[in-house]
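Structure at a glance
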Amino acid sequence: MLKPGCAYLDFHGGALVVGGGEACRAQARMQADQHGAVCYGVDYRMPPEHPYPAALDDALAAYRYVLERHAPSNIIVGGRSAGGNLAAAMLLRGRDEGLPMPAGMILLSPQVDLTESGDSFEVNQMVDVVLPGSLMRNNRLYAGGADLSHPYLSPLFGDLTGFPPTFLQSGTRDLFLSNAVRMHRALRRAHVDAELHVFEGMPHGGFQGNTPEDQDIAAEVSRFGEALWS
């Protein structure tokens, strides 16, 4: 059943360099079906033609567009992998520019540290069957010479004060596990309600199928959204 007035703003994954077009549209449809709400899928610009801050500019423009049509308390922002980077970075910049926060944020295997400084970037190399190695070349291509540690590029290092309730997911074999774990702790230190779900044996982005673990993630995400919109 469609939730009147509610909206999900979705940012696609793809290492910040791929995943737009029809893939973006398909993901938005899946999110709309899952949440029973209008979903805006952001087909943001990407390098090499459009390095940072083009994607972040597009993300913020999309959020402004949604805010013109929905109350902040009815909006959830989310993204998987690179999309998680843009979701969190967009809220940092949006807050800095005086925009209201949404009701919540959903980060699935988020790429929130482009410096790749976490433990799992070492111990889960060649263990993660989906993302077996570093994305540093992609990160630098996206940054276009900007400092990878800047919070708008690596939101893990930003001031997360005032962020909305946040759902984070990862797996024990996810190259980005440290991203989710450290982001969760950073949010908690900023006194933000945040919950972290780590699944046994799961690689980056889930098992990509109809497994019990994938069903568990979907159920937990739906529960989180329902609670915010109730």
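Residues numbered from 1 in each chain as written. Predicted model: local features only at pLDDT ≥ 70, side-chain atom pairs only at ≥ 80, totals over all residues. Heavy atoms only, no water.

Attention now moves to the environment of Leu 196. Within the fold, Leu 196 resides in strand E6 (residues 194–199). With 31 residues separating them in the primary sequence, Leu 196 and Pro 165 have C-alpha atoms 11 Å apart. Those residues within four positions of Leu 196 in sequence are excluded, and the remaining contacts are Leu 168, Ala 180, Val 181 and His 184. (Helix = DSSP H or I, 4+ residues; strand = E, 2+ residues; numbered from the N terminus. Contact = heavy atoms within 4.5 Å.)

Along the chain, Pro 47 connects to Pro 48 via a cis peptide bond; the corresponding omega equals 10 degrees. If you trace the backbone, Pro 48 turns up in the loop between strand E2 (38–42) and helix H2 (54–67). Here the residue pair Tyr 52 and Pro 53 is connected by a cis peptide bond, since its omega of 10 degrees sits within 30 degrees of zero. Along the chain, Pro 53 falls in the loop between E2 and H2. Positive phi, close to 60 degrees, is recorded for Ala 15, a residue that is not glycine. If you trace the backbone, Ala 15 turns up in the loop between strand E1 (7–11) and helix H1 (22–35). Residue classification places Ala 15 among the buried residues on the basis of a relative accessible area of 13%. A positive phi angle is found at Leu 16, which is not glycine, with a value near 70 degrees. Position of Leu 16 relative to the elements: it lies in the loop between E1 and H1. (Buried < 20%, exposed > 50% of the residue type's maximum accessible area, 1.4 Å probe, protein only.)

A word on empty space enclosed by the protein. Summed over all chains, the structure comprises 1 cavity of 30 Å³ or more. Quantified by volume, the largest cavity comes out at close to 40 Å³. Lining the largest cavity, in full, are Tyr 8, Asp 10, Gln 27, Gln 31, Gly 78, Gly 79, Arg 80, Ile 106 and Leu 108. Contributing elements (two or more residues each) for the lining of the largest cavity: E1, H1, strand E3 (75–80) and strand E4 (104–108). (1 Å grid on protein atoms, 1.4 Å probe; cavity = no way out; pocket = protein on both sides within 12 Å on 5 of 7 lines; lining within 4 Å. Points joined across faces, edges and corners; volume = space filled by probe spheres on them.)

Let's shift gears to the layout of surface pockets. To find the voids left in a structure, one rolls a probe of water-molecule size over its atoms. Volume-wise, the largest pocket comes out at about 580 Å³. At the level of elements, H1 and helix H7 (212–229) are the ones that each hand at least two residues to the lining of the largest pocket. Residue classes in the lining of the largest pocket are distributed as 6 nonpolar, 9 polar and 2 charged. (Nonpolar A, V, L, I, M, F, W, Y, C, P; charged D, E, K, R; others polar.)

Before going further, it helps to examine the side chain of Ser 170. Looking at the secondary structure, you find Ser 170 in strand E5 (residues 166–171). Once residues lying within four places of it in the same chain are set aside, the contact partners of Ser 170 are Ser 109, Phe 176, Leu 177, Ala 180, His 197, Val 198, Phe 199 and Met 202.

The subject of this paragraph is the side chain of Arg 93. For Arg 93, the location among the structural elements is in helix H3 (residues 82–96). Of the residues examined, Arg 93 reaches a relative accessible area of 16% and is grouped as buried. A distance of 2.6 Å separates polar atoms of two side chains, one belonging to Arg 93 and the other to Asp 57. When near neighbours in sequence (up to four residues on either side) are disregarded, Arg 93 contacts Leu 56, Asp 57, Leu 60 and Tyr 152. (Polar contact = N/O pair within 3.5 Å; in protein donor to acceptor, adjacent residues only side chain to side chain.)

For the rest of this paragraph, the subject is the nonpolar core. General note: in soluble globular proteins, nonpolar side chains tend to be found buried as a group. Leu 9, Phe 11, Tyr 63, Met 90, Phe 163 and Met 183 are the most contacted members of the largest nonpolar core, which has 48 residues in total. Those elements that provide at least two residues to this core are E1, H2, E3, H3, E4, helix H5 (136–143) and helix H6 (177–189). Residues within four places of Met 90 in sequence aside, it is in contact with Leu 9, Phe 11, Leu 56, Ala 59, Leu 60, Tyr 63 and Val 77. Among the nonpolar cores identified, the runner-up in size contains 15 residues, and Cys 6, Tyr 8, Ala 37 and Trp 229 belong to it. (Core = buried A, V, L, I, M, F, W, Y, C linked by side-chain atoms within 4.5 Å.)

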